[in-house]
Amino acid sequence: MVKKATTTVIIGMFGLAAALTSCSGINGDASTVTTDADKPLSMLMMWYGDDVLSPAKQRLIHKRIMEKFNVDLRIETVDKNNYDDQLNAAFMNGDNPDIVWMNSEMTRRAAYSGALLPLDDLVKSSSVWSKMPKAYFADSTYNGKIYSLPQQIQAPESIYYRADWARKLNIKPPTNPEELYQMLYAFAKNDPDGDGKANTTGFTMEGNLSRTGAIWRMFLPAAPRKLALYLDNQDDTIKSAYFVSGDMKRALQWLRKGYSDGVLDKEWVLEKQKTAEEKFITGKTGAWVMGADLIWPRFDKMKASFPEVDITSIPPMIGPYGSNYVVRAGYSSNYVILSRTKDPVKAKRVLDYLLGPEGTMETHVGFEGRTYRVDNSQMKWLIPGEEKFYDPGAILCSVHRLKLPVPIPVLEQNLKAIEGFKMEMNTNSLYISRSERASHKAMDFEKLALAYIRKIIIGQYTVDQYDDFIVEAKKMGLESILKEINDIYKQEKKWAEDK
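Report follows, based on the coordinates. (Residues numbered from 1 in each chain as written. Predicted model: local features only at pLDDT ≥ 70, side-chain atom pairs only at ≥ 80, totals over all residues. Heavy atoms only, no water.)

This brings us to empty space enclosed by the protein. Applying the stated criterion to the full structure yields two cavities of 30 Å³ or more. The space that makes up the largest cavity amounts to roughly 70 Å³. Lining the largest cavity are Ile159, Leu180, Leu184, Phe203, Ile215, Trp254, Ala287, Trp288 and Val289. A per-class count over the lining of the largest cavity returns nine nonpolar, no polar and no charged. Here the second largest cavity is characterised by a volume of approximately 40 Å³. Around the second largest cavity, the lining residues are Ser104, Thr107, Asp139, Ser140, Tyr142, Ser148, Ser332 and Asn334. (1 Å grid on protein atoms, 1.4 Å probe; cavity = no way out; pocket = protein on both sides within 12 Å on 5 of 7 lines; lining within 4 Å. Points joined across faces, edges and corners; volume = space filled by probe spheres on them. Nonpolar A, V, L, I, M, F, W, Y, C, P; charged D, E, K, R; others polar.)

Because the α-helix completes a turn every 3.6 residues, residues three or four places apart line up on one side. A rise of 1.5 Å per residue sets the reference length of helix α12 (residues 344-355), with its twelve residues, at 16 Å; its end C-alpha atoms lie 16 Å apart and thus fit the reference within 8%. Taking burial as the measure, the twelve residues of α12 include ten buried ones, the bulk of the element. Of all the residues in α12, the buried ones are Pro344, Val345, Lys346, Ala347, Lys348, Val350, Leu351, Tyr353, Leu354 and Leu355. (Helix = DSSP H or I, 4+ residues; strand = E, 2+ residues; numbered from the N terminus. Expected span 1.5 Å × (residues − 1). Buried < 20%, exposed > 50% of the residue type's maximum accessible area, 1.4 Å probe, protein only.)

With that settled, consider the packing of aromatic side chains. Across all of its chains, the model carries 23 aromatic pairs by this definition. Here the aromatic rings of Tyr242 and Phe469 are separated by 5.2 Å at their centres, their planes lie at 75°, and the arrangement is edge-to-face. Placement of the pair is Tyr242 in the loop between β8 (237-240) and α9 (245-261) and Phe469 in helix α18 (residues 466-475), with a sequence separation of 227 residues. We note that Tyr242, like Phe469, is buried. Through successive ring pairs, a cluster of aromatic residues spans Tyr181, Tyr185, Phe203, Phe219 and Trp254. Over the aromatic face of Tyr259 sits the side chain of Lys266, whose NZ or CZ is 4.1 Å from the ring centroid. Its guanidinium or amino end placed over the ring of Tyr431, Arg434 lies 4.6 Å from that ring's centre, counting from NZ or CZ. (Phe/Tyr/Trp six-rings, centres within 6.5 Å; stacked < 30°, edge-to-face > 60°. Lys NZ or Arg CZ within 6 Å of the ring centre and 35° of its normal.)

Across the five residues of strand β9 (residues 287-291), five count as buried, placing the element largely inside the fold. Here strand β6 (residues 157-162) pairs with β9 via five bridges, running antiparallel. Within the sheet, the bridge partner assigned to Ile159 lies in β9 and is Val289. (Pairing = 2+ DSSP bridges.)

Have a look at this one:
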């Protein structure tokens, strides 16, 4: 509710922004551009997240942009959890940011309202962007115009596992849920750490089902989060995985057996990301789900305690709905330029640099000789704490096909292991927000589903009692909400085809 209210206010400000743009005559032409001989042009960029740009990087990027474009760029790094609120506050306070991050729904609304600057001329004239496939721009194109630049091929959440344990137990990488269960059972029962104690489990997961999609999608078309929406390509209809009862029961039976056998950690209901990760890192459990591009810091922590440790991801499993590793279709950075920016041409140049090959290396790695150096094939950080802002996963997944200053074998091998994941429309994110009823009720359905799922897995309910959840979901109006969402989907698809 708060998120939706905040977004509504922001969109209202976009309407005002479009009106102000019209009054001021700013339309993206070069006629409004100042020359490099003029005093520096002030710009404000709101950066999504405070985990990439260190203070040192910000200072050096500021200097680089001043030298390149005579732009005094102030970058505000904002915690992702507070971003919408702070973006809204920036508008309310009259800060007038030039470049901001928006989620897909906000970008769509802002683009159609005229509040964003199209980037087609930049893409067409660039030796970098013009050579990229059109698919890279598909999720940032509205009404035939491009509003954001691609950044990286998103890595999916994958199932990390103790490859060293598997080798010790003579187990090959599993290729289906049954083989996975057998491996996890061995992790729980066959003393994989060799300490002579029955003190390991096969896997754990978070109690609110965050980061569990790779498990559910072995059986289902979508994880049981929010309305569990997915697009059925056979009849081009948006449906809910909650109603795929047969496959849902198979998933629940697999998890229920794991809990009963001690394969699934008995404390999983209470698990948070931090505690689940801690159990994997400390060798208490053999598998855990996390982003495939985030494996290397976990490996480094484990290496300190287990010198012979080897972790990687289980290769994608192909189930009834395809790969169990799925990411949102699209490559957009989600950074956009507001059409009321004082200098459209310079704003485009700044965004072009920041998201291009050079800027991507500098923002996610740093400045060689200033924030780091390579010494004997090792990264040496020249400023204390700078290593916390290093994001090698973003470099290896970049649309620019970049290389790390120093290879990270565990990361590179892990990204290779998960090849074969699929991209699909994030139906939950795209369509729940477009229906007022869906927006208000989505978390109620998730809460109800989670209550049933928990009780079934731990044995308080039978698997067949999942049918009672379906009855309750129908009483709460899930069928009518799905009809409303499909009406919106069909209207928007027709509108796009007509355009």
